[in-house]
Amino acid sequence: MKFTTAAMILASLVSPTSAFRIANLGSTTARSAATAAYRRRAASTFLPNSSAAIAASSSSLQSTYAHPRRQLTMAPLTLRGGSSALFSSTTTAEESTTETTSSGPKEIFRSDYTALPFKVSNVSMNFDIRDGETFIESELTIVQNTGEGDLVLDGEADALTLLSISLDGKDLVEGVDYTIDGDTLTIVSSLLPTTADGTSVLKTKVKVHPEKNTQLSGLYKSGSMYCTQCEAMGFRRITYYPDRPDNMAIFDSVRIEADKEAYPVLLGNGNKLEGGDVEGDRHYAVWEDPYPKPSYLFCIVAGKLGSVSSSYTTVPSGRKVHLEVYSEPENVSKLGHALESLKKSMKWDEDTFGLEYDLDVYNVVAVNDFNMGAMENKGLNVFNTAYCLADPKSATDLDYERIESVIGHEYFHNWTGNRVTCRDWFQLTLKEGLTVYRDQEFSGDMMQSHAVKRIEDVSSLRGRQFAEDAGPMSHPVRPDSYISMDNFYTATVYSKGAEVVRMYRTLLGKDGFRKGMDLYFERHDGNAVTCDDFLSAMGDANGVDLSQFSRWYQTNGTPTVKYSSKYDEESKTYYLSLTQESNCDEPLLIPISVGLLDKASGEEVVATKVLELKEKEQTFEFDGLNGDVLPSMLRGF
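Here is what the cut-offs are and how they apply
Note on numbering: residues in each chain are counted from 1, in written sequence order. The model is predicted, so local features are restricted to residues of pLDDT at least 70 and side-chain atom pairs to those at 80 or more, both for listing and for counting; the totals for chains, interfaces and linings are taken over all residues. Note that the side-chain values use all heavy atoms of the structure and ignore hydrogens as well as water. In this description a helix means any DSSP run of H or I spanning at least four residues, a strand means any run of E spanning at least two, and both kinds are numbered starting from the N terminus. Under the scheme applied here, a residue whose accessible area is under 20% of the maximum for its type counts as buried, over 50% as exposed, and between as partly exposed, the area being computed with a 1.4 Å probe on protein chains only. Here the open area of atoms and residues is found with the Shrake-Rupley method and a 1.4 Å probe, where only the protein chains shown may cover a residue. The distinction between a cavity and a pocket rests on a 1 Å grid over the protein atoms alone: a 1.4 Å probe fits inside a cavity but cannot get out, while a pocket stays open yet meets protein on both sides within 12 Å along at least five of seven lines, and a residue with an atom within 4 Å of a point counts as lining. Grid points are joined across faces, edges and corners, and a volume is the space filled by probe spheres set on the points. Here, two residues are considered to be in contact whenever any of their heavy atoms come within 4.5 Å of each other. Here a Phe, Tyr or Trp ring, Trp counted by its six-membered ring, pairs with any other such ring whose centre lies within 6.5 Å, and the pair is stacked when the planes are under 30 degrees apart, edge-to-face when over 60, and tilted otherwise. Counted as over-ring charges are cases with an Arg CZ or a Lys NZ within 6 Å of the ring centre that also lie within 35 degrees of the ring normal. His is not counted, nor are the chain ends, whereas Lys and Arg count as positive and Asp and Glu as negative. Within this document, salt bridges are pairs made up of a side-chain nitrogen of Lys or Arg and a carboxyl oxygen of Asp or Glu, the two lying within 4 Å of each other. What counts as a disulfide here is a pair of cysteine sulfur atoms lying within 2.5 Å. One requirement defines pairing of two strands: DSSP has to find at least two bridges between them. Joining through side-chain atoms within 4.5 Å is the link that ties buried Ala, Val, Leu, Ile, Met, Phe, Trp, Tyr and Cys residues into a set, and such a set is a nonpolar core. Each axis is a line fitted through C-alpha atoms, taken for helices only over the stretch in contact, and angles between the N-to-C directions span 0 to 180 degrees. Working rule for helices: expected span equals 1.5 Å times residues minus one. In these notes the angle categories are as follows: under 35 degrees is roughly parallel, over 145 is roughly antiparallel, 65 to 115 is roughly perpendicular, and the rest is oblique. Helix crossings fall into two classes, left-handed where the near helix is turned counterclockwise from the far one by less than a right angle and right-handed where it is turned clockwise.

Kindly report on the overall build of the chain, identifying the contributing residues and their values.
Along its length, the chain carries nine helices and 34 strands. Residues classed as buried in the chain amount to 60% of the 637 residues present. Of the roughly 23,300 Å² of accessible surface on the chain, 46% is carried by carbon and sulfur atoms.

Okay, here's the thing in structure tokens:
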């Protein structure tokens, strides 16, 4: 018989020799997946959720559930990384993050990763916002790292004008102490620390033109406000810096100065240290983020904004956190639901994963002209208003669910993406797939119906991710190479990535998965890591070898599993044979939850059991059965 999505979720009976597809299903619905990927850059088509999605290969069910997040239409979007990727976004050649050489685009390989020879440990910055131009002073503390070579800083030539540069109080001379070649600035290693405990202080001053920044990457002016978008490679349009996720630095001080009347609200990452007036009807604010973060999470906002505010007390530490949601003044009456959704997200993460918020302030800014879906900048999330505003007079239930889901997704990144981030962009699914899964589970709990949420997610998964995996754009959840990073904010990285995470949950059980998460944070808090580190934490926490499971990270396509069965009346044994086919040369580890029902009465005779399909062909035996049975396949998928 053919599977339907509903039948799969209800674990309906399956006839022998049926075939079903396994594609990592997500947990809560297309909404969450959409949430995740959508959030950031997107606004038009997002990735579906996935986790071990099963669908009869004989069925042509290509559900086209379209999450509202994916349906948002607006001006052409720039996919700069981050939590959401729009499949239908448009980017011009000059807006792309493709690396080029004189001979054409340059392909980047995961296997070519090397550690930085020097890294930035601490940062102080000053933004002097003026009409038509902004001056940015940066002070970077440079320390030795494990790699070898000179200090190479990223800085896009079409965005930055270097005004001054000094190292340890000495002005540097171009061509002698440093060179600028295209979009990189290189300082010779002989001028930098030679011992592990040595430091140098590099100071630069640059000029940028946010009003002319049509890429909407880096610092740009959106309507009447200034805003930043730095994922994946936008910080290099703000200042010279090692703009890659494995350089996690503490931003000790970020000072923002602007005209007081035009830009009364000045926001940055972290906690506000001070603020006040300065000459010329201007004012300033200083922000500090005490936790190491990669540059893609940097953010400032300056504008004339209204807000709603509240507070939340964390458990068990009792930290009182000030919560505030900002938007253009005309939108303030529509911000209440977003604020309440934030509180629910904070409590859910405490109750489910034991994760508390770590700052004194949590700000969200909803911008009419923000050209992305949403972005999880540390302590300062930025949203398109489509994912944040709900007018009680006209908003639908779906509008409320969507906002709650996206707010949750961005908040959950505080731990899965911010406190622990990805070593390089090939590991994008490490933060996005995991956070999509968490956001799906959150939405299922808030809806009080995981089955309904799952149906939505699977419909989205089948409608978009299955098609992606069956076409020319098929790729593993962790790609091996890219020409443009923007190409990999996809349904596979987000939704199928969430399905990979869901399979960990199926293999290890609820308690085992939580143990793995706890060890993951214990080992890697404050670090940039890989998918292999996550797998190791899951395996080590539960004392199991998950090395075979790692093949999911390198295999594209949607695996197919076929089964056949027979009952031996003489031995009272039921035999269930499974055969897998995939694009992997070696068999995948596929968890399949199965129960057995008496064929005559329909009563359950064998409770749910997780079978670990590890071979191309494998037969499982169920002894002690007094009659023929029917398999209830893929329970809780």
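Additional details are given in the paragraphs that follow.
Tell me about the layout of surface pockets, residues and numbers included.
By volume, the second largest pocket amounts to about 560 Å³. Of all the secondary-structure elements, those providing two or more residues to the lining of the second largest pocket are α4 (336–353), α6 (428–447), α7 (450–470), α8 (491–524) and β32 (604–613).

Residue-level account of the side chain of Gln 427, with values.
Relative to the assigned elements, Gln 427 resides in the loop between β26 (421–422) and α6. Excluding residues within four positions of it along the chain, Gln 427 makes contact with Arg 110, Cys 422, Arg 478, Val 529, Thr 530 and Cys 531.

Summarise the packing of aromatic side chains; cite the residues concerned and give the values.
Following the criterion strictly, the structure yields 26 aromatic pairs and no others. Note on Phe 353 and Phe 513: the rings are 6.4 Å apart at their centroids and 70° apart in plane angle, and the pair reads as edge-to-face. Linking Phe 353 in helix α4 with Phe 513 in helix α8, this pair joins segments that are 160 residues apart in sequence. On the basis of an interplanar angle of 85° and a centroid distance of 5.0 Å, the ring pair of Tyr 520 and Phe 534 is categorised as edge-to-face. Pair noted here: Tyr 520 is in helix α8 and Phe 534 is in helix α9 (residues 531–542), with a separation of 14 residues, a long-range link. An aromatic cluster of three or more residues is present, and its members are Trp 348, Phe 353, Tyr 357, Tyr 362, Tyr 411, Phe 412, Tyr 437, Phe 442 and Phe 513. Against the face of Tyr 291 rests Lys 378, its NZ or CZ located 4.9 Å from the ring centre. Note that Lys 566 overlies the ring of Tyr 575, its terminal NZ or CZ placed 5.6 Å from the centroid.

Explain the side chain of Glu 350 to me, and be specific about the residues and the numbers.
With respect to the secondary-structure elements, Glu 350 resides in helix α4. Look at Glu 350: it is buried, it has no salt bridge, and the nearest opposite charge is Lys 347 at 6.5 Å. Residue contacts for Glu 350: discarding those within four places in its chain leaves Tyr 312, Thr 314, Val 315, Leu 355 and Glu 356.

Give a description of the state of the cysteines that names residues and reports values.
Each disulfide is one covalent bond, formed between the sulfur atoms of two cysteines. Counted under the stated rule, the structure contains zero disulfides. Of the cysteine sulfurs around Cys 230, a residue in no disulfide, the closest is that of Cys 299, at 7.3 Å. Of the cysteine sulfurs around Cys 422, a residue in no disulfide, the closest is that of Cys 531, at 8.7 Å.

Tell me about the pairing of strand β29 (residues 560–568), and name the residues and values.
As paired elements, β29 and strand β30 (residues 573–581) share nine bridges and run antiparallel to each other. Bridged to Lys 562 within β30 is Thr 579. In this structure, the hairpin formed by β29 and β30 is closed by a connection of four residues, where Lys 572 is found at a positive phi of approximately 55°.

How would you explain the pattern of salt bridges if you had to name every residue and give the values?
Counted under the stated rule, the structure contains 38 salt bridges. Note that Arg 419 is salt-bridged to Asp 358, the shortest N-O span being 2.7 Å. With Arg 419 in the loop between α5 (397–412) and β26 and Asp 358 in the loop between α4 and β23 (361–367), this pair connects stretches of sequence that are 61 residues apart. A relative accessible area of 6% places Asp 358 in the buried class. When salt bridges that share partners are traced, they join Asp 128, Arg 130, Arg 255, Glu 257 and Arg 282 into one network.

Break down the nonpolar core for me, with residues and values.
Core analysis: the biggest nonpolar cluster contains 157 residues, and Phe 298, Val 301, Tyr 504 and Phe 549 have the highest contact counts within it. Sorting elements by how many residues they give to this core places α8 first, with 14 residues.

Go over the sheet that holds strand β12 (residues 184–187), please, and point to the residues and values.
Strand order in this open sheet of three strands is β8-β12-β11, and the pairing throughout is antiparallel. Edge strands, defined here as strands with exactly one partner in the open sheet, are β8 (151–154) and β11 (178–181). The sheet shows a mean angle of 20° between the axes of neighbouring strands, direction not considered. Sheet analysis places β8 next to β12, joined by four bridges and oriented antiparallel. Bridged to Val 152 within β12 is Thr 186.

Got a sec to walk through α6? Specific residues and values, please.
Compared with an ideal rise of 1.5 Å per residue, which puts 20 residues at 28 Å, α6 spans 28 Å between its outermost C-alpha atoms and is within 8% of the ideal. Among the 20 residues that make up α6, 17 are buried, leaving the element largely enclosed by the rest of the structure.

Quick rundown of unusual backbone geometry? Include the residues and the values.
Glu 231 connects to Ala 232 through a cis peptide bond whose omega is 0°. Take Ala 232: it is sitting in the loop between β15 (225–229) and β16 (249–259). In this chain, Val 315 is followed by Pro 316 through a cis amide linkage whose omega measures 10°. Mapped onto the secondary structure, Pro 316 falls in the loop between β21 (306–313) and β22 (320–327). Phi at Asp 168 takes a positive value of approximately 55°, unusual for a residue other than glycine. The topology assignment puts Asp 168 in the loop between β9 (161–167) and β10 (170–171). The partly exposed category is assigned to Asp 168, whose relative accessible area is 47%. Here the phi dihedral of Leu 634 falls at roughly 60°; this positive angle occurs in a residue that is not glycine. Take Leu 634: it is sitting in the segment after β34 (629–633).

How would you explain the packing of α6 against α7 if you had to name every residue and give the values?
At a minimum axis separation of 8 Å, α6 and α7 run at an interaxial angle of 135°. Between α6 and α7, the crossing angle belongs to the class labelled oblique. In this structure, α6 crosses over α7, and the sense of that crossing is right-handed. On the side of α6, the interface is formed by Gln 440, Glu 441, Ser 443, Gly 444, Asp 445 and Met 447, while α7 contributes His 450, Val 452, Lys 453, Arg 454, Glu 456 and Asp 457.

Which residues make up the sheet that holds strand β20 (residues 300–303), and what values do they have?
Taken together, the four strands give an open sheet; going across it, the order is β14-β15-β20-β17, and neighbouring strands pair in antiparallel fashion. Unpaired on one side and paired on the other, β14 (218–222) and β17 (265–268) mark the two borders of the sheet. Between one strand axis and the next, the sheet turns through 20° on average, direction left out of account. Note: β15 against β20, two bridges, orientation antiparallel. Each residue of the ladder has a partner; that of Cys 227, found in β20, is Val 301.

How would you explain empty space enclosed by the protein if you had to name every residue and give the values?
To find the voids left in a structure, one rolls a probe of water-molecule size over its atoms. Applying the stated rule across the entire model yields three cavities of 30 Å³ or more. Volume-wise, the second largest cavity comes out at about 60 Å³. Mapped by element, the contributors of at least two residues to the lining of the second largest cavity are α6, α8 and α9. Residue contributions to the lining of the second largest cavity peak at four residues, all from α6.

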